[in-house]
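Close look at the chain arrangement
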Amino acid sequence: MNNQPTIILLKGNGPISINNELMELYPVTTCHGAIGFPLKTLRADKIYIIENLEKFWQIEKTIKDKPCCFLYSYTKLTKEDLEKIHAPFIETI
């Protein structure tokens, strides 16, 4: 078992709770493109897990849902990682 948290990139629009801190993704996405975090907990209304980095950078051209959070991980998300992600809607692309 890996004791190091998985590092994820997030972007999108709408509010999220990442590691028990509230954040609005829209300003981060428009100013910086994305933001990275160690994954401890993530809560949002709608989460899309994007498995391809190139697709992650272009995904908002395809999916225009609001509010939503796009997540990318350089390493494959484990079962334990997925248990830390909470949303009424989660889809892997």
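Everything discussed here concerns the structure shown above.
Summarised in this report is the structure supplied together with it. (Residues numbered from 1 in each chain as written. Predicted model: local features only at pLDDT ≥ 70, side-chain atom pairs only at ≥ 80, totals over all residues. Heavy atoms only, no water.)

What follows concerns the sheet that holds strand β2 (residues 15-18). Sheet architecture is open: four strands sit in the order β3-β2-β5-β8, paired in mixed fashion. Each edge of the sheet is formed by a strand with only one pairing partner; in this case those strands are β3 (21-24) and β8 (85-86). With two bridges joining them, β2 and strand β5 (residues 42-43) adopt antiparallel strand pairing. Within β5, the position partnered with serine 17 by the bridge is arginine 43. Packing of helix α1 (residues 25-32) onto the sheet brings it into contact with β2 and β3, and relative to β3 it is tilted by some 55°. (Pairing = 2+ DSSP bridges. Helix = DSSP H or I, 4+ residues; strand = E, 2+ residues; numbered from the N terminus. Contact = heavy atoms within 4.5 Å. Axes fitted to C-alpha atoms, helices over the stretch in contact; angles between N-to-C directions.)

Of note, the bond from lysine 66 into proline 67 is cis; its omega dihedral lies within 30 degrees of zero at -10°. Even without glycine at this site, asparagine 20 takes up a positive phi of about 65°. Examined against the element boundaries, asparagine 20 turns out to sit in the loop between β2 and β3. Asparagine 20 gets classed as exposed once you look at its relative accessible area, which sits at 65%. (Buried < 20%, exposed > 50% of the residue type's maximum accessible area, 1.4 Å probe, protein only.)

Remember, this is a structural readout, not a statement about activity or role.
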